Amino acid sequence: MTRYVLDPSNETKPADRPLQSRPATLDGQVIALLDIGKARGDVFLDHLDARLTALGVATKRYKKPTFTKPAPVDLRHEIATNCTMVIEALAD
Amino acid sequence: MTDRRPALPDGLVVVVKRDCATCVMVAPLLREFDCVVYTQDDPAFPESVDAVHDADLSVSWHHEIETVPTLIRVVDGVEQERTVGWVADDWRRIIGIDTLGVQLPPFRPGCGSLSVDPNLIDGLRARFEGGTLHARRIELAEADDDIELMFNRGFSDGLPVVPPTAERVLRMLQGTDRDPQDIVAIVPPDLVPVTVEKVAINAVLAGCLPEYLPWVIAGVEAVCTTEFNIHGVLCTTMPVGPVLVCNGPGTAAIGMNGAANVFGQGNRANLTIGRAVQLVIRNVGGGRPGVGGIDRATHGNPGKLSFCFAERTADSPFAPLSVSRGFDATQDAITVFAGEGPRCVVDQRVRTPEELANLFAAALFATHSPKLHGGLGVMVVVGPEHGRVLAAAGWDRDRFHQELIARLNKPGSEVAAGAGGIADGIPAEYASLPAVPKFRPESMLIVHAGGDAGLFSAIIGGWASGALGSSPVTVAVHTTQQSEVC
């Protein structure tokens, strides 16, 4: 007699999602610098901003309302619309 | 396997079994009128007529035979009336023979139907109602160790789980009137709709009894609210998880513990309700620690397996927590709070409520860091012997809360970054403030729990409180209507 159990999971386990391939060059990129609100994340992004700007790369600064929650959908949409890459100051 | 409800023939139908003295008593009567007899156990019984053997009990199950003998009158395939056991007047009226069984006593109760036999009912439910379950079935090979398979599939929180067979899940679903396909909540972080059935499967994993299921459902509903923010509670590096405080008469009915060793081991309801909620978050929501998981706690705490308890309300100086949050005392309710592990607060000499408030305030300053003020929540758990000090002085929850909040301020100069040789603290520009509160009033919960002996209480440190983090949420526990949320 066949034995079975019922699946307690969401049954939507996706296939592995491969990472996006890394860009070969920064030329022409618009980089979003996202501050999630953790301590000194802004300091880290300030340094990156200066280095990238010196290289002639366009940057845009963004900040999440709170680090405790996922970025609001509007913010994600704005970044996706206006930028080609994201660098996130994640955690502390 | 039989999924369809077998039709009853028109006319009179009688269901009997040999292992029933009342059935044996009425058996000779069955040849006195036209009827179809179904026999549950012995196909040769009763000898007085040719009976149909309800070998798989499908007739008995689908027509909800709970007692034998049962006499049913059927017209055009529809049951018109029935009587159970031997009630002479009912049998004579239904059959239309005034003298039927005049030699018998006027009344004799019947026996339990085999279709409701406790040893058979789970298997029958799975056979006849298993098709109503929607969850994907995972086949077990003959050589599979069920427990190990559950580990290997990633369904466990690190402890063995109960394999969710259809029999167990269907039995669990008896704990609620809700449709198994009702959506309970959208579960973060993957934002997956979770059905009552899926909650029941995880309640089986956790080791719950069916009567716990409404509490698990309410707990899932509560933690999945925007206000509670389980996504943030999961992925924070801080050691918090859902702390579930249960109120209402149902806590005693299911044997929950709010007394001795209230946060400890040994009580099935306390330990499995909280565990089931966490397993739903893990298995349905996808919220897991470890490689690839979003639970990024630096340390976590053992309560992330289950941290669930009943408030001790019978001799509490306070109204139940749920009442303070807008519910009636007769309503079962569950409050969720994002908390770390409990720490003990000791004063074995305290005799006045002011001394107790001073003690708590001094201890509360140290939660997380004596330099962190303003943003974190806390739960104060007053033990019964400390609670008696408050009760004797007539301090209720509001009074104690006010007294604590009033004591929990420090000058900005003491809690500014760098003050006291400690780097952390509020920004230096606020150092001139005369008083900086440790907690916002709404971020402090006070409950009463613990054993009879010991002048001890407990503090459960919280997390980022309010709209920026997590707010406590209270949800009504019931089985027939959507929960009310405060």
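Residues numbered from 1 in each chain as written. Chains lettered and ligands numbered in written order. Predicted model: local features only at pLDDT ≥ 70, side-chain atom pairs only at ≥ 80, totals over all residues. Heavy atoms only, no water.

A look at the overall build of chain A
Then, number 1: Scanning chain A from N- to C-terminus turns up 2 helices and 4 strands.
Then, number 2: Here the C-alpha radius of gyration of chain A, 19 Å, is well above what a compact globule of 92 residues would show, namely 12 Å.
Then, number 3: Seen along its three principal axes, the alpha-carbon backbone of chain A occupies a region of about 70 × 30 × 25 Å.
Then, number 4: Looking at chain A residue by residue over its 92 residues, the buried ones come to 30%. (Helix = DSSP H or I, 4+ residues; strand = E, 2+ residues; numbered from the N terminus. Rg over C-alpha atoms; globule rule 2.2 N^0.38 Å. Buried < 20%, exposed > 50% of the residue type's maximum accessible area, 1.4 Å probe, protein only.)

With respect to the sheet that holds strand β14 (residues 308-310) of chain B
All names here are of chain B.
Then, number 1: Strand order across the open sheet formed by 4 strands is β14-β13-β15-β22, with mixed pairing between neighbours. Taken across any chain shown, the strands that pair with only one partner, and hence form the sheet edges, are β14 and β22 (473-476). Between one strand and the next, the sheet's axes are offset by a mean angle of 25°, whatever the strand orientation.
Then, number 2: Running at roughly 45° to strand β15 (residues 333-339), helix α8 (residues 213-223) makes contact with β13 (241-247), β15 and β22 of the sheet. (Pairing = 2+ DSSP bridges. Axes fitted to C-alpha atoms, helices over the stretch in contact; angles between N-to-C directions. Contact = heavy atoms within 4.5 Å.)

Quick look at helix α7 (residues 196-206) of chain B
Residues and elements named next belong to chain B.
Then, number 1: For α7, the tally of buried residues reaches 11 of 11 residues, placing the bulk of the element in the interior.
Then, number 2: Three or more residues of α7 are buried, namely V196, E197, K198, V199, A200, I201, N202, A203, V204, L205 and A206.
Then, number 3: In the stretch just after α7, G207 is the one whose phi turns positive, near 95°.

Digging into the interface of chain A and chain B
Then, number 1: Taken together, the contacts link 16 residues of chain A with 36 residues of chain B.
Then, number 2: If you look at where chain A meets chain B, you find 3 salt bridges.
Then, number 3: Summed over the shared surface of chain A and chain B, the number is 19 residue pairs in polar contact (both at pLDDT 80 or more).
Then, number 4: Where strand β1 (residues 3-6) of chain A lies against strand β10 (residues 137-140) of chain B, 4 bridges are found, and the strand directions are antiparallel. Counterpart to V5 of chain A in the pairing with β10 of chain B is I138 of chain B. (Salt bridge = Lys/Arg side-chain N within 4 Å of Asp/Glu carboxyl O. Polar contact = N/O pair within 3.5 Å; in protein donor to acceptor, adjacent residues only side chain to side chain.)

What about the pairing of strand β6 (residues 78-84) of chain B?
Then, number 1: Pairing geometry for strand β5 (residues 70-75) of chain B and β6 of chain B, over 6 bridges, is antiparallel. Bridge pairing in β6 of chain B links T70 of chain B to V84 of chain B.

Quick notes on the state of the cysteines
Residue and element names in this part refer to chain B.
Then, number 1: Enumeration over the complete set of coordinates arrives at 0 disulfides over all chains.
Then, number 2: We note that C208 lacks a disulfide partner, and the nearest cysteine sulfur, in C308, lies 9.2 Å from it.
Then, number 3: Not part of a disulfide, C235 finds its nearest cysteine sulfur in C224, a span of 14 Å.
Then, number 4: C235 gets classed as partly exposed once you look at its relative accessible area, which sits at 25%. (Disulfide = S-S within 2.5 Å.)

Points about unusual backbone geometry
Then, number 1: Going from F45 of chain B to P46 of chain B, the amide bond is cis rather than trans, its omega being -5°.
Then, number 2: Assignment of secondary structure puts P46 of chain B in the loop between β2 (36-39) and β3 (52-53).
Then, number 3: The step from V68 of chain B to P69 of chain B runs through a cis peptide bond, and the omega angle for that step is -5°.
Then, number 4: Along the chain, P69 of chain B turns up in the loop between β4 (67-68) and β5.
Then, number 5: If you check the backbone angles, R40 of chain A has positive phi at about 70° while not being a glycine.
Then, number 6: Along the chain, R40 of chain A falls in the loop between β2 (30-35) and α1 (41-54).

Notes on the environment of R125 of chain B
Residues and elements named next belong to chain B.
Then, number 1: Relative to the elements of secondary structure, R125 occurs in helix α4 (residues 121-129).
Then, number 2: In the structure, R125 is positioned 41 residues away from A166 in sequence and 8.7 Å away in space, judged by C-alpha atoms.
Then, number 3: In this view, R125 contacts W61, G130, L170, R171 and Q174; residues no more than four positions away in its chain are not counted.

Notes on helix α3 (residues 88-95) of chain B
Then, number 1: All of the buried residues in α3 of chain B are A88, W91, R92, I94 and I95 of chain B.
Then, number 2: Check the buried side of α3 of chain B and you find it contacts β1 (11-16), α1 (21-26), β5, β6 and β7 (86-87) of chain B.

What about the packing of aromatic side chains?
Then, number 1: One pass over the structure, following the stated rule, counts 8 aromatic pairs over all chains.
Then, number 2: For the ring pair F263 of chain B and F309 of chain B, a centre distance of 5.0 Å and an interplane angle of 75° mean the geometry is edge-to-face. Separated by 46 residues along the polypeptide, F263 of chain B in the loop between α10 (250-253) and α11 (268-283) and F309 of chain B in strand β14 bring together distant segments of the chain.
Then, number 3: Overall, the relative accessible area of 30% leaves F263 of chain B in the partly exposed class.
Then, number 4: In this structure F309 of chain B comes out as buried when scored by relative accessible area, which is 0%.
Then, number 5: Ring pairs connect the aromatic residues F318, F360, W395 and F400 of chain B, which therefore count as one cluster.
Then, number 6: Over the face of the ring belonging to F67 of chain A we find K38 of chain A, whose NZ or CZ atom lies 4.2 Å from the ring centre.
Then, number 7: Over the ring of F365 of chain B we find K410 of chain B; its NZ or CZ atom is 4.4 Å from the centre of that ring. (Phe/Tyr/Trp six-rings, centres within 6.5 Å; stacked < 30°, edge-to-face > 60°. Lys NZ or Arg CZ within 6 Å of the ring centre and 35° of its normal.)

Topic: the pairing of β1 of chain B
The side chains of a regular strand alternate, first on one face of the sheet and then on the other.
Residues and elements named next belong to chain B.
Then, number 1: The buried fraction of β1 is high, at 5 of 6 residues.
Then, number 2: Here 5 bridges tie β1 to β5, and the two strands are oriented antiparallel to one another. Bridged to V13 within β5 is I72.

A look at the confidence of the model for chain A
Then, number 1: Of the residues in chain A, 90% reach a pLDDT of 70 or more, and the chain-wide mean stands at 87.
Then, number 2: Mean pLDDT per element in chain A: β1 of chain A is the minimum at 89, and strand β3 (residues 58-63) of chain A is the maximum at 96. (pLDDT = per-residue confidence, 0-100.)

Topic: a nonpolar patch on the surface
All names here are of chain B.
Then, number 1: There is a patch of nonpolar side chains on the surface, built from I183, I186 and L191 and spanning about 280 Å² of accessible area.
Then, number 2: You can see I186 is positioned in strand β11 (residues 183-187).
Then, number 3: I186 gets classed as partly exposed once you look at its relative accessible area, which sits at 41%. (Patch = residues over 30% accessible without salt bridge, like charges linked within 9 Å, V, L, I, M, F, W, Y side chains within 5 Å. Areas by Shrake-Rupley, 256 points an atom, 1.4 Å probe, with all protein chains shown as cover.)

Considering the domain arrangement of chain B
Many descriptions give the size of an interface as the accessible area lost when the pieces come together.
All names here are of chain B.
Then, number 1: Domain boundaries in chain B define domain 1 (11-130) and domain 2 (149-476).
Then, number 2: The partner domain 2 presents 5 residues to the 6 residues of domain 1 that form the contact.
Then, number 3: Carbon and sulfur atoms supply 63% of the area that domain 1 and domain 2 bury against each other, a total of about 480 Å² over both sides.
Then, number 4: When residues of domain 1 are sorted by the area they lose upon contact with domain 2, D122, R125 and A126 head the list and together hold 82% of the total.
Then, number 5: Applying the counting criterion to the domain 1 and domain 2 interface returns 1 salt bridge.
Then, number 6: Note that R171 and D122 form a salt bridge whose closest N and O atoms lie 2.1 Å from each other.
Then, number 7: At the boundary of domain 1 with domain 2, the tally comes to 1 residue pair in polar contact (both at pLDDT 80 or more). (Domains from an automatic or database assignment. Buried area = accessible area lost by both parts, 1.4 Å probe.)

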